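# Fold and contact review
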Amino acid sequence: MPSLPGVGYSEEINKIEIQLESLKGRKDSAGAAWKTVQLARRQDRPLALDYIKHTFPDFAELHGDRLRGDDPAIVGGMATFDGRTIMIVGQQKGHDLKERQFRNFGMPRPEGYRKAQRLALLAQKFQMPVVTLVDTPGAFPGAEAEEGGQAGAISRTLRVFARLSVPTVAVVIGEGGSGGALALALCDRVYMLENAIYSVSTPEACSAILWRDAGQASQAAEALRLTAVDLYRLGVIDLVIPEPRMGAHKHHRATAKVVARQVEAGLREIEAVSPEERLRARRRKFLAMGMLAPADTKL
Amino acid sequence: MNQPVTVQITSKEPPVSEAMPESLEPRCSECHASLTREQLKAALEVCPHCGHHFPLNAVERVAQLADPGTWREVGGDLQPSDPLDFYDSRAYVDRLAEAQLETGLSEAMLAGVCRLGGRRVALGVMDFRFLGGSMGSVVGERFSQLVAAAIDEAVPLVVVTASGGARMQEGILSLMQMAKTVVALDMLADHSLPFISVLTHPTTGGVLASFATLADVMLAEPGALLLFAGPRVIEQTTREKLPPGFGRSESSLVHGQIDLVVQRRDLKRQIAQLLALLEGGVRCDIEPIRPDSEVVPRGSGSLAQAVARAKKLALTSRGWLFGRDQQDRDPT
């Protein structure tokens, strides 16, 4: 890969695409999607705080939503990156049971989403780009979270990110689970690690709903098309970031380095356009999402 | 959106005329009072005995809200597709075809421009019968086209929701409709056009977590289930039995999540009134009323005098409050 990002960037994308084509052959075999799900959920995979540790030595964490509390499932703060300050917001699952319980397994509550909004608006005030690291099974489905306005917290986070005047890049680093993940992924660029997943619901929930049997999760995983390659094909993400051999969990530092390089290149690209054009492009991108039948077709 | 089919509303569905012979005397699923089809229709599909609100389909809803003869459909030619080639126990295309046949609708949202109480509005109405009112690509696109129509004609947006959440069979593209509707609303906000959402039973998952909760004013019908995750998912996660009424409109009102719970018979009038107020803020030529005697000209009198005047004012206003309070408590 070129040492100077921005130079030969499209070439790099081409290379990755070729790589993906070769991966595709391997992934079409039975159960491949389910294997990816399991990889994406590995406890020893690098998590948001690992990327932060390896990439941003001067990271200053910020806490709290200024209304109710501080959600440990969402971490955020400022750091110097590529010569300027950026804001990082990510979901943190935890490496061991103790941390996982503390982080609520990366399932944010309304205060977590409000913290994300607060940090995004703070970033806008001081013209810092925002980088999000997506890794959650979904928003927390608890009674208190519901009464605290979970749905509205997510929709308002989406609105904040839709309007943000600063450049935004999202990286799905592990599990991108439903609306809880999307809340941090309405960004100018959405990248995904090779073994990450991103879907409308967990395969387990999908199988419980459609097959009426949670045991069909692997079949549901296949049907949902939730791998990075699938999403790239569907036009939902902009780039698949390849992981080191054997997967990201074997090489935290190397994975963080590759992610940092892509984010750096992506931010430079987006920063080159005016805020107005950036907003227009972001709107165009998300308004174009979806697939309709050609006009005049009847089922 | 992860809820396993949040609500079984089949038992609560109003007796369908063609399937239900008139002689069978249908009963209200809540209070078990016997009802005739005509009674129910006359009461806008609300039980006249217990006030239980039966679900309305999109066509009935439009008929209740739109002024007769003013409806012009938007995005009616959009047809769903099967982007993932999705197949569970049945093929998605078969499910779609069946839903279209059963409902007579092309998708889970009906959109159009019409008059509501004489006022022009862009009106979107969801239909829970169509695959649980789930939001797929067509719902997202129709919503965006409806917003575009609202902007085009400079009219407010009103959307009545009823949805189980995302359209699972369209996978990630369904999730992206949340982002799409939010971005569309952002453009509506650019034009300062009001948006009122009416949440009906049930509104859950991705619809609640996107456009439905971004309205300027949020109304709900009584007893509507309004949750991000379904009650079953919550019970499985927390291993606690949920109290009765959990996640219903009345509870959402108490928790500050919606503005008003509105009876169906008042809905049209309430929407029209709110729109009139929301749009009435532009003209503001009425002078605010100030009691002339209390206006202290700058520099007149001493500080002590001003303090005395302020004290007097505070005392009189407090006295007035006390007086009224006592009157309220003691009607004699």
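Conventions we followed
Residues numbered from 1 in each chain as written. Chains lettered and ligands numbered in written order. Predicted model: local features only at pLDDT ≥ 70, side-chain atom pairs only at ≥ 80, totals over all residues. Heavy atoms only, no water. pLDDT = per-residue confidence, 0-100. Contact = heavy atoms within 4.5 Å. Salt bridge = Lys/Arg side-chain N within 4 Å of Asp/Glu carboxyl O. Polar contact = N/O pair within 3.5 Å; in protein donor to acceptor, adjacent residues only side chain to side chain. Helix = DSSP H or I, 4+ residues; strand = E, 2+ residues; numbered from the N terminus. Nonpolar A, V, L, I, M, F, W, Y, C, P; charged D, E, K, R; others polar. Buried < 20%, exposed > 50% of the residue type's maximum accessible area, 1.4 Å probe, protein only. Arc of directions from axis to C-beta. Axes fitted to C-alpha atoms, helices over the stretch in contact; angles between N-to-C directions. Parallel < 35°, antiparallel > 145°, perpendicular 65-115°, else oblique.

## Regarding the confidence of the model for chain A
Of all residues in chain A, 89% attain a pLDDT of 70 or more, and the chain-wide mean is 91. Ignoring residues within four places in sequence, the model shows residues 1–7 of chain A, a span with pLDDT below 50, making 14 contacts including any to other chains.

## Focus: the interface of chain A and chain B
Of the residues lining the interface, 50 residues belong to chain A; the matching set on chain B comes to 61 residues. Inspection of the region where chain A meets chain B yields four salt bridges. Here Asp190(B) ties to Arg163(A) by a salt bridge, and the two come within 2.5 Å at their closest N and O atoms. Along the contact surface separating chain A from chain B lie 17 residue pairs in polar contact (both at pLDDT 80 or more). For the side of chain A that touches chain B, the elements supplying multiple residues, two or more each, are α6 (143–147), α7 (150–163), α8 (178–182), β7 (197–199), α9 (203–210), α10 (217–224) and α13 (275–287) of chain A. Its residues assigned to classes, the side of chain A that touches chain B shows 29 nonpolar, 12 polar and nine charged.

## Some points on α10(A)
All names here are of chain A. Of the residues making up α10, those classed as buried are Ala217, Ala220, Ala221, Ala223 and Leu224. End-on, the buried residues of α10 take up no more than an arc of 165 degrees, which puts them together on one face. Within two residues after α10, Arg225 carries a phi angle of roughly 55 degrees, on the positive side.

## Focus on the packing of helix α3 (residues 48–55) of chain A against helix α12 (residues 252–271) of chain A
Residues and elements named next belong to chain A. α12 packs onto α3 with a crossing angle of 80 degrees between their chain directions and a minimal axis gap of 9 Å. Considering the angle they form, α3 stands roughly perpendicular to α12. The segment α3 lies against α12, with Asp50, Tyr51, His54 and Thr55 engaging His252, Arg253, Thr255, Ala256, Val259 and Ala260. Partitioned by chemical class, the residues of the contact of α3 with α12 number four nonpolar, four polar and two charged.

## Comments concerning the side chain of Gln150(A)
Tracing the chain through its elements places Gln150(A) in helix α7. Only 3.1 Å separates the side chain of Gln150(A) from the backbone oxygen of Phe140(A), close enough to count as a polar contact. Dropping the residues within four chain positions of it, Gln150(A) is found in contact with Pro108(A), Arg109(A), Pro110(A), Tyr113(A), Ala139(A), Phe140(A), Ala145(A) and Phe228(B).

## A short note on unusual backbone geometry
In this structure, Pro202(B) follows His201(B) across a cis peptide bond, with omega equal to -20 degrees. Residue placement: Pro202(B) occurs in strand β5 (residues 195–204). In the Ramachandran plot, Met246(A) falls in the positive-phi region, its phi being about 75 degrees despite a non-glycine side chain. Within the element layout of this structure, Met246(A) appears in the loop between β8 (239–241) and α12. A relative accessible area of 65% places Met246(A) in the exposed class. The phi dihedral of Ala154(B) is positive, around 55 degrees, even though this residue is not glycine. Relative to the elements of secondary structure, Ala154(B) occurs in the loop between α4 (137–153) and β4 (157–163).

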